[in-house]
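# A closer look at the structure
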Amino acid sequence: MKTKIFAIALAILASVSCTSLIEEFQPVFTGRYPDVPEEDYYELTPTHTIAQLAQMYSLGKGSLIPTVKGRDVIIAGRVSSSDKEGNAYKSLYIEDNTGGMEIKIGKTALYNSYRPGQLLYVRCTGLYIGMYGYKERNTQYNKYGNGMIQVGAEDPSGTYETSYIEETRLIDEHIFKGAPAAPLVPEVVTDHNKLPDWNDTQITNKYVGKYVTLKNLTYDNEIFALFYRDPNKNTKESSNRIFLSEDTFGITSWALSENKFKSVLDSGQWDDVKVGNGNDLNYGTVADHKEEIRKNATAISVSQYFKMNGSKPVLIRTSGFSKFGDYEIPEDILNGSRSIDVTGIVTLYQGSVQFVINSYDDIRYSDTGKTLPRQ
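Residues numbered from 1 in each chain as written. Predicted model: local features only at pLDDT ≥ 70, side-chain atom pairs only at ≥ 80, totals over all residues. Heavy atoms only, no water.

### Quick notes on the overall build of the protein
Looking only at helices and strands, one finds five helices and 20 strands in the protein. Residue burial in the protein is summarised as follows: out of 375 residues, 52% are buried. Here the contacts in the protein between residues at least 6 apart in sequence split such that 73% fall between residues at least 24 apart. Carbon and sulfur atoms form 47% of the exposed surface of the protein, whose accessible area is close to 16800 Å². (Helix = DSSP H or I, 4+ residues; strand = E, 2+ residues; numbered from the N terminus. Buried < 20%, exposed > 50% of the residue type's maximum accessible area, 1.4 Å probe, protein only. Contact = heavy atoms within 4.5 Å. Areas by Shrake-Rupley, 256 points an atom, 1.4 Å probe, with all protein chains shown as cover.)

### A closer look at the pairing of strand β4 (residues 74-79)
Among the six residues in β4, five count as buried, and that is most of the element. Two strands pair when backbone bridges link them, and β4 and strand β7 (residues 119-123) are joined in this way by five bridges, in the antiparallel orientation. Bridge assignment links Arg78 to a residue of β7, and that residue is Leu119. The pairing of β4 with strand β5 (residues 92-96) spans two bridges and is classified as antiparallel. Its bridge partner lying in β5, Val79 is registered against Ile94. (Pairing = 2+ DSSP bridges.)

### Side note on the pairing of strand β11 (residues 148-152)
Each regular strand shows side chains that alternate between the opposite faces of the sheet. For β11, a buried count of five out of five residues is recorded, marking the element as mostly surrounded by other parts of the structure. Here β11 shows a buried face lined by Met148, Gln150 and Gly152 and a second buried face lined by Ile149 and Val151. Pairing analysis gives two bridges linking strand β6 (residues 99-103) to β11, with the strands arranged parallel. Residue Ile103 lies in a different strand from β11, and its bridge partner there is Val151. For strand β8 (residues 128-132) and β11, the ladder comprises five bridges, and the chain directions are antiparallel. Following the sheet pairing, Tyr132 is matched in β11 by Met148.

### Describing the pattern of salt bridges
One pass over the full model with this rule turns up 15 salt bridges. For Arg123, the salt bridge is made with Asp72, and the minimal N-O distance between the two is 3.7 Å. Highlighted residues: Arg123 in strand β7 and Asp72 in the loop between β3 (63-64) and β4, separated in sequence by 51 residues. Asp72 shares its class with Arg123; the two are buried. The residue Arg229 makes a salt bridge to Glu292 at a minimum N-O spacing of 3.0 Å. Of the two residues, Arg229 sits in the loop between β14 (211-228) and β15 (241-247) while Glu292 sits in helix α4 (residues 290-295), which places them 63 residues apart along the sequence. Each of Glu167, Arg169 and Glu173 takes part in salt bridges that share partners, so that together they form one network. (Salt bridge = Lys/Arg side-chain N within 4 Å of Asp/Glu carboxyl O.)

### Notes on the side chain of His48
Mapped onto the secondary structure, His48 falls in the loop between β2 (41-43) and α1 (50-54). Owing to a relative accessible area of 17%, His48 belongs among the buried residues under this scheme. A polar contact of 2.7 Å, which involves the side chain of His48, links it to the side chain of Thr47. Ignoring anything within four residues of it in the chain, the contact list for His48 reads Leu53, Val68, Val73, Ile74 and Ile75. (Polar contact = N/O pair within 3.5 Å; in protein donor to acceptor, adjacent residues only side chain to side chain.)

### Some thoughts on the packing of aromatic side chains
The tally for this structure, following the rule as stated, stands at 12 aromatic pairs. When the centroid spacing of 5.1 Å and the interplanar angle of 80° are considered together, the rings of Phe227 and Phe261 count as edge-to-face. Within this pair, whereas Phe227 is found in strand β14, its partner Phe261 is found in helix α3 (residues 258-266), the two being separated by 34 residues in sequence. Its relative accessible area of 1% is what places Phe227 among the buried residues. (Phe/Tyr/Trp six-rings, centres within 6.5 Å; stacked < 30°, edge-to-face > 60°.)

### Thoughts on the nonpolar core
Leu214, Trp270 and Ile340 are the most contacted members of the largest nonpolar core, which totals 53 residues. One finds Leu92, Val122, Ile149 and Ile171 within the second-largest nonpolar core, a separate group that totals 28 residues. (Core = buried A, V, L, I, M, F, W, Y, C linked by side-chain atoms within 4.5 Å.)

### Regarding the environment of Thr98
Along the chain, the position of Thr98 falls in the loop between β5 and β6. Residues Thr98 and Ile203, 105 residues apart in the sequence, show an inter-C-alpha distance of 7.9 Å. Residue contacts for Thr98: discarding those within four places in its chain leaves Thr49, Ile50, Ala51, Gln202 and Lys206. At 3.5 Å, the side chain of Thr98 and the backbone nitrogen of Ile50 are in polar contact. For Thr98, the side chain forms a polar contact with the side chain of Asp96, separated by 2.7 Å.

### A word on the sheet that holds β3
Within the open sheet, the eight strands sit side by side as β3-β8-β11-β6-β5-β4-β7-β12. Their pairing is mixed. Two strands in the sheet have a free side with no partner beyond their single neighbour: β3 and β12 (175-177).

### As for α3
Residues lying three or four places apart along an α-helix face the same way, a consequence of the helix completing one turn every 3.6 residues. Along α3, the residues classified as buried are Phe261, Lys262, Val264 and Leu265. End-on view of α3: buried residues confined to an arc of 165°, all on one side of the axis. Turning to α3, the residues buried within the fold contact β14 and α4. Note on α3: the residue one or two positions beyond its end, Gly268, has a positive phi of about 90°. (Arc of directions from axis to C-beta.)

### Examining the environment of Phe306
Position of Phe306 among the secondary structure elements: in strand β16 (residues 302-308). Residues Phe306 and Leu217, 89 residues apart in the sequence, show an inter-C-alpha distance of 5.8 Å. When sequence neighbours within four positions are dropped, the list of residues in contact with Phe306 reads Leu217, Thr218, Tyr219, Asp220, Trp254, Lys312, Pro313, Val314, Ile316, Ile333 and Ile340.

Without other data, these values stay purely geometric and don't point to any function.
Written out as structure tokens, the structure is:
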């Protein structure tokens with residue numbers, strides 16, 4: 001293939017369109033697009049590392065990325081994520097040796113265009129840098145903290161610090177494919193102290209946003225999930241929100257498809273859960289609204305809690321729309337008699353390590369290295 005040396009005009013500032021970003025995963029197309037003609041690949045000169053780009057972010061404020069000293073800001077990294085099995089939504093991750101960065105591209109089936117290991121250049125000037133998943137630290141309860149610094153479009157509603165880059169023209173003006181390469185080999189992390197803490201970012205911890213293998217995770221008998229009385233209504237309204245946390249609530253799968261959601265709902269295990277935010281539980285219980293909840297049921301994402309080496313909490317976050325969301329966690333993992341090694345991307349959400357896998361084959365028994373059963 002021919003390589004193109006691409007010079008970007010210094011003064012170009014592209015306007016970006018966006019739609020409202022929501023908290024949960026959504027269905028993604030996981031098929032294959034028709035084959036396309038051979039592509040020319042680009043070779044750009046990065047001006048910043050991912051960690052240096054992250055230094056341009058100011059906490060609590062999404063902002064337009066400007067030129068620096070009259071030059072466009074360009075980062076480069078290799079693709080570490082894949083939405084082939086539906087466990088990612090309209091985003092991809094790239095990484096260099098300083099950290100990883102989420103690029104919010106507003107399309108699905110991205111794995112058809114951006115293969116694991118592919119070198120990508122991102123012209124960040126004209127895009128927005130922001131953070132998703134931040135919640136102010138509660139020192140009394142030693143909870144919450146940073147989310148993920150990411151690059152995307154402006155959210156005109158002001159609800160989020162970034163949104164999706166959706167128009168093909170704008171994607172083409174900011175995302176450039178370098179030469180393809182073999183998929184990344186994940187770095188193996190055995191020391192839980194190397195994982196990011198609540199106040200880390202890509203600036204302070206090189207594992208934030210990176211593709212790694214975590215060793216020796218044991219189940220911690222806790223999940224986190226959020227669902228709604230009616231997801232078609234305002235999902236920020238306390239009266240519409242139901243949280244499952246600090247227990248398992250009968251959820252023994254990685255996530256819940258719509259049918260599995262209905263099954264657990266009908267079992268009555270959630271009947272006593274109160275509706276509302278933690279400081280506003282004034283809207284009755286799930287039992288009081290069960291008919292409405294069932295009528296509006298949809299797949300939901302679940303974070304299953306594990307501990308690394310019996311200490312550092314790691315939340316394995318899985319989409320209810322993923323191909324493996326309904327798979328049951330084996331009993332020998334649930335009862336703590338066996339541990340797992342997982343390969344995926346280290347992210348932060350409200351100060352906690354939230355781990356995202358690309359494929360179900362990325363979860364293996366620690367003692368044998370074998371993949372988990374599909375059931």
